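Structural overview
Read off the chains here:
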Number of protein chains: 2
Amino acid sequence: MIQTAVLGYGTVGSGVVKVIETNHDSIEKKAGVDLGVKYVLDLRDFPGDPVQKKIVHDFDVILSDPEIRIVVETMGGLEPAYTFTKKALEAGKSVCTSNKELVARHGTELLQTAREHNASYMFEASCGGGIPIIRPLRTCLCADVIDEITGILNGTTNYILTKMIEEGREFSDVLREAQQKGYAERNPEADVEGHDACRKIAILSSLAYGKRVDFTDVYTEGITKITPADIQYAKAMGRTIKLLAFSKKEGEQVTAMVAPYLVDKEDPLASVNGVFNAIFVHGNMLGDAMFYGQGAGKEATASAVVADVIEEAQVLGRSVMSSWDPEKLVLTDVSGTEKQFFVRAKGEASEAEKVFGPVKLVQAGLEGEYGFVTERMSEGAFLKKAGEFGAMISMLRLRDKSKAE
Amino acid sequence: MIQTAVLGYGTVGSGVVKVIETNHDSIEKKAGVDLGVKYVLDLRDFPGDPVQKKIVHDFDVILSDPEIRIVVETMGGLEPAYTFTKKALEAGKSVCTSNKELVARHGTELLQTAREHNASYMFEASCGGGIPIIRPLRTCLCADVIDEITGILNGTTNYILTKMIEEGREFSDVLREAQQKGYAERNPEADVEGHDACRKIAILSSLAYGKRVDFTDVYTEGITKITPADIQYAKAMGRTIKLLAFSKKEGEQVTAMVAPYLVDKEDPLASVNGVFNAIFVHGNMLGDAMFYGQGAGKEATASAVVADVIEEAQVLGRSVMSSWDPEKLVLTDVSGTEKQFFVRAKGEASEAEKVFGPVKLVQAGLEGEYGFVTERMSEGAFLKKAGEFGAMISMLRLRDKSKAE
């Protein structure tokens, strides 16, 4: 039996214990590994729960037990997750995690530490919850040069936008309901301001392009300013609104961005609704591919963590996780990237063309305002014109059709 | 350098050579393998093409060259592909293929041969072209008990149905156009009668459930009887028509089927259009997941073949491919499976309820006929009632909503 220790018996940690116990026999049959959970580290006790006999409060028990070859870190946050992960890797124990904050912040260093100690640092569940994406990028798409990753990477914001679109409701109203249902945190900032999606696209981009993408460099906008009026215009254009996190590579230039986009109804990303997530990938040979599934949730996320544990159990003592160059990938400023923009404005529609050049008007039947779509122009040029224009109520970017279509 | 030989310089074979040559450096950087193509086996010569210097006409040249560790079989068909594959595996050379006929017919035996000679028989590209599905099933979803796979697994039929739906055209008319464009073969039977999708779902089901699923046991209907009138009713129901290939496991019972289904517009499979394919998977922990991409095409399929070649190159001398039990999985007869049915009928709408019990009428504005949807009932019960009814013009099955919704 290969023994593991789970750090943190919260949502994902308890899910990991459940997956390993429920599917133990199926895992042994399919993957040839007999997995056990020997310890669960938590500050709390769980009297009456079968997990209680595995609970330890001292990480050193785990660290000093040579039988523990794989540590599952599902504590979240930076500390003590970072210290525990570092110590486990230095002791030659592999670590599998769902902790996107830690991977985004210290992933480069922890991958390096793992390699130096013939261990692996694996984090399939850090991006897209249960959706297999990191392993496919590493193993299935390894014959390809990846030039685009675009994801709906945050379930909370996708749930909120879906509800706003389906029911015509205000952001704050839907957010409150999502908080009551437990789909949004009491402090929702990391989700609704796009920070969570930003960390995930930085991790995926580091893997895809082979150099460290610093999440603090990624231009990020959230969904807090989206209104039912914006949605009316989107519908009039045959589009929907999605919070997209993407990076694109052209030649040696990589741009990355998190922002709400107008997505064509025919785009496969448009039908990703509710708490579902999806990740679209374009490869130079593969063309378009998309991975769809539950971006969060106890069992789905735990399933992804345990897939890492199984791979690790099969190759113990070898470092299998791909890595990226620690040198920072300097992102190209988004101001140079071109796209079409949608603008809501006050006043006379004839004013728009004077500033923006040829535009296409959008009729959504709203009083005292109008909407239009510009031709393709750079972010920089758009912002300059928007400054001159003065009548803008709000703006949204348009996602291009995917390349293969 | 790890040397490979490609059998067959057709669409996929030439794609494999292109992928290995175009992305050689990226593959070496990402996967740490320096791949080369030493031989290309083809009956033809390609004077003037750089591939000519690699062309051999005699398979024994490849078989007897110890430098060749990996053979890529992209000939298609059963012979001589079977004989060459068997001989290569017996010589300890791994084989990577896109040949679904061969995998569906002799996969169980060839996997066994591979294992006996510490080689691998890999066939990512045999199902879903460029879509990563076999490796994800093997490695990413290995913590899950899979209980459903439903795929749009044939690009030709999906293209034809998409065109029929978008343009209101007849099957035969769109088929002719697809043949002219090269999207359908001159003899289109394997595609339009569902045989191709049937082979693919048999392969995927064997992997997912761990026992050999014989494709000849899978109940299969094609799309040749679909008419513009059926499509009008589908639209009236907020649904679309897709040729689905699926298998479901409940307890120890597995059913499998290929047939055109009415799919709800909100279902993620509904927006898979044109030559795209998608594979929906449900796991007991993961919930719903879907893999989407190009189900055919030279570079996309070749990209999947080369991903196999890379994995094989990383583990030379070990047999890594999962296998399944050679014992046949006896499929449960589809007549016991329950679903809702849509029926087009002549005569008086009041007749329907007399035979089928409570039904929901569907208005599509067609003269001299009406449509209705039954409650859930078994295939067997439906067929019995349909026999009594006598007024049926056509029927289609309804796909249930996915479980997580």
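This one's a predicted model, so the numbers in the text were calculated from it and none came from an experiment.

Focus on the overall build of chain A
- Looking only at helices and strands, chain A has 14 helices and 20 strands in total.
- Here chain A has a C-alpha radius of gyration of 23 Å; the compact-globule value for 405 residues is 22 Å, and the two agree.
- With the C-alpha coordinates aligned to their principal axes, the bounding extent of chain A is approximately 75 × 45 × 35 Å.
- Across chain A, every contact between residues at least 6 apart in sequence was considered, and the portion connecting residues at least 24 apart equals 72%.

Considering the interface of chain A and chain B
- Every contact between the two is made by 45 residues of chain A and, on the other side, 45 residues of chain B.
- Overall, the association of chain A and chain B removes approximately 3900 Å² of surface from exposure, summing both partners, and the carbon and sulfur fraction of that is 58%.
- Broken down residue by residue, the surface that chain A buries against chain B is led by A:K30, A:M285 and A:Y292, which jointly contribute 17%.
- Linking chain A with chain B are zero salt bridges.
- Residue assignment for the side of chain A that touches chain B shows that the elements contributing at least two residues are α1 (11–22), α2 (24–31), α6 (134–140), β13 (287–294) and α12 (298–314) of chain A.
- The leading source of residues in the side of chain A that touches chain B is β13(A), at eight residues.

Quick look at the sheet that holds strand β3 (residues 55–56) of chain B
- Pairing is parallel in the open sheet, where six strands are placed in the order β3-β2-β1-β4-β5-β6 (chain B). The sheet is open, and its two edges are formed by β3 and β6 (121–122) of chain B, each paired on a single side.

Brief notes about the packing of aromatic side chains
- Overall, the coordinates contain 29 aromatic pairs over all chains when judged by the stated rule.
- A ring pair is formed by A:F291 and B:F291, whose centres lie 6.0 Å apart and whose planes are at 80 degrees; its orientation type is edge-to-face. Linking A:F291 in strand β13 with B:F291 in strand β13 (residues 287–294), this pair reaches from one chain into another.
- Note on A:F291: relative accessible area 1%, which makes it buried.

Thoughts on the packing of helix α7 (residues 155–167) of chain A against helix α8 (residues 171–181) of chain A
Residues and elements named next belong to chain A.
- At their nearest, the axes of α7 and α8 sit 9 Å apart, and the two run at 130 degrees to each other. As far as their axial angle goes, α8 and α7 are oblique. As α7 packs across α8, the resulting crossing turns out to be right-handed. Touching Y159, I160, K163 and M164 of α7 are F171, V174, L175, E177, A178 and K181, all from α8.
- Of the residues that constitute the contact of α7 with α8, the class distribution is seven nonpolar, no polar and three charged.

Points about the state of the cysteines
- Counted under the stated rule, the structure contains zero disulfides over all chains.
- No disulfide involves B:C127; its sulfur sits 11 Å from that of B:C198, the nearest cysteine.
- Here B:C127 falls in the buried class, since its relative accessible area comes to 0%.
- Of the cysteine sulfurs around B:C140, a residue in no disulfide, the closest is that of A:C140, at 6.2 Å.
- Its relative accessible area of 6% is what places B:C140 among the buried residues.

Some details on the UniProt feature "active site" (unreviewed entry) in chain A
All names here are of chain A.
- If you check UniProt for "active site" (unreviewed entry), the listed places come out as K200 in our numbering.
- Looking at where K200 falls in the secondary structure, it is placed in helix α10 (residues 195–209).
- Beyond its immediate chain neighbours, meaning those up to four positions away, K200 contacts K100, S126, C127, G128 and L153.

Digging into the UniProt feature "binding site: NADPH" (unreviewed entry) in chain A
Residue and element names in this part refer to chain A.
- When the UniProt feature table is mapped onto this chain numbering, "binding site: NADPH" (unreviewed entry) sits at K100.
- When you line up the elements, K100 lands in helix α5 (residues 100–116).
- Judged by relative accessible area, which is 23%, K100 ranks as partly exposed.
- Setting aside residues up to four positions removed in sequence, K100 forms contacts with S126, D196, R199, K200 and I203.

Re the pairing of strand β16 (residues 341–346) of chain B
Residue and element names in this part refer to chain B.
- Across the six residues that make up β16, a large majority, five, are buried.
- By the bridge criterion, five bridges tie β16 to strand β20 (residues 392–398) in an arrangement that is antiparallel. The residue of β20 that forms the bridge with A345 is M392.
- Of the strand pairs in this sheet, β16 and strand β18 (residues 369–374) are connected by five bridges, and their pairing is antiparallel. Residue pairing across strands places R344 opposite G371, the latter belonging to β18.

Points about the relation of the copies chain A and chain B
- The transform that puts chain A on chain B rotates by 180 degrees and translates by 0.0 Å along the axis, for an RMSD of 0.0 Å. Put plainly, the chains are arranged around a two-fold axis. Residues of chain A ranked by C-alpha distance from the rotation axis are headed by A:F291, positioned 2.4 Å from it.
- A share of 100% of the interface residues of chain A reappears at the interface of chain B, consistent with the copies meeting face to face through the same patch.

What about the sheet that holds strand β6 (residues 121–122) of chain A?
All names here are of chain A.
- The strand order across the open sheet built from six strands is β3-β2-β1-β4-β5-β6, with neighbouring strands paired in parallel fashion. Each edge of the open sheet carries a strand with a single partner, namely β3 (55–56) and β6.
- With two bridges joining them, strand β2 (residues 35–41) and β3 adopt parallel strand pairing. Residue pairing in the sheet places V40 in a bridge with I55 of β3.
- Sitting on the sheet, helix α4 (residues 81–90) is in contact with β1 (2–7), β2, β4 (68–73), β5 (94–97) and β6, with an inclination near 145 degrees to β5.

Points about the pattern of salt bridges
- In this structure the tally under the stated criterion is 62 salt bridges over all chains.
- Across the salt bridge formed by B:K38 and B:E67, the nearest N and O atoms sit 2.4 Å from each other. Of this pair, B:K38 sits in strand β2 (residues 35–41) while B:E67 sits in the loop between α3 (59–63) and β4 (68–73), and the two are 29 residues apart along the sequence.
- According to the relative accessible area criterion, B:E67 is partly exposed, its value standing at 40%.
- A salt bridge links B:R399 to B:D267; its shortest N-O distance comes to 2.9 Å. Taken together, the residues B:R399 in the segment after β20 and B:D267 in the loop between β11 (253–264) and β12 (276–283) connect sequence positions 132 residues apart.
- In this structure B:R399 comes out as buried when scored by relative accessible area, which is 7%.
- Given the relative accessible area of 5%, B:D267 is considered buried.
- One salt-bridge network, in which partners are shared between bridges, spans A:K163, A:E167, A:R169, A:D173, A:R176, A:E177 and A:K181.

Each value, and the rule that gives it
Residues numbered from 1 in each chain as written. Chains lettered and ligands numbered in written order. Predicted model: local features only at pLDDT ≥ 70, side-chain atom pairs only at ≥ 80, totals over all residues. Heavy atoms only, no water. Helix = DSSP H or I, 4+ residues; strand = E, 2+ residues; numbered from the N terminus. Rg over C-alpha atoms; globule rule 2.2 N^0.38 Å. Contact = heavy atoms within 4.5 Å. Buried area = accessible area lost by both parts, 1.4 Å probe. Salt bridge = Lys/Arg side-chain N within 4 Å of Asp/Glu carboxyl O. Pairing = 2+ DSSP bridges. Phe/Tyr/Trp six-rings, centres within 6.5 Å; stacked < 30°, edge-to-face > 60°. Buried < 20%, exposed > 50% of the residue type's maximum accessible area, 1.4 Å probe, protein only. Axes fitted to C-alpha atoms, helices over the stretch in contact; angles between N-to-C directions. Parallel < 35°, antiparallel > 145°, perpendicular 65-115°, else oblique. Left-handed = near helix turned anticlockwise from the far one by under 90°. Nonpolar A, V, L, I, M, F, W, Y, C, P; charged D, E, K, R; others polar. Disulfide = S-S within 2.5 Å. UniProt positions renumbered as here; feature names shortened; annotations may be inferred. Least-squares fit on C-alpha atoms with pLDDT ≥ 70 in both.

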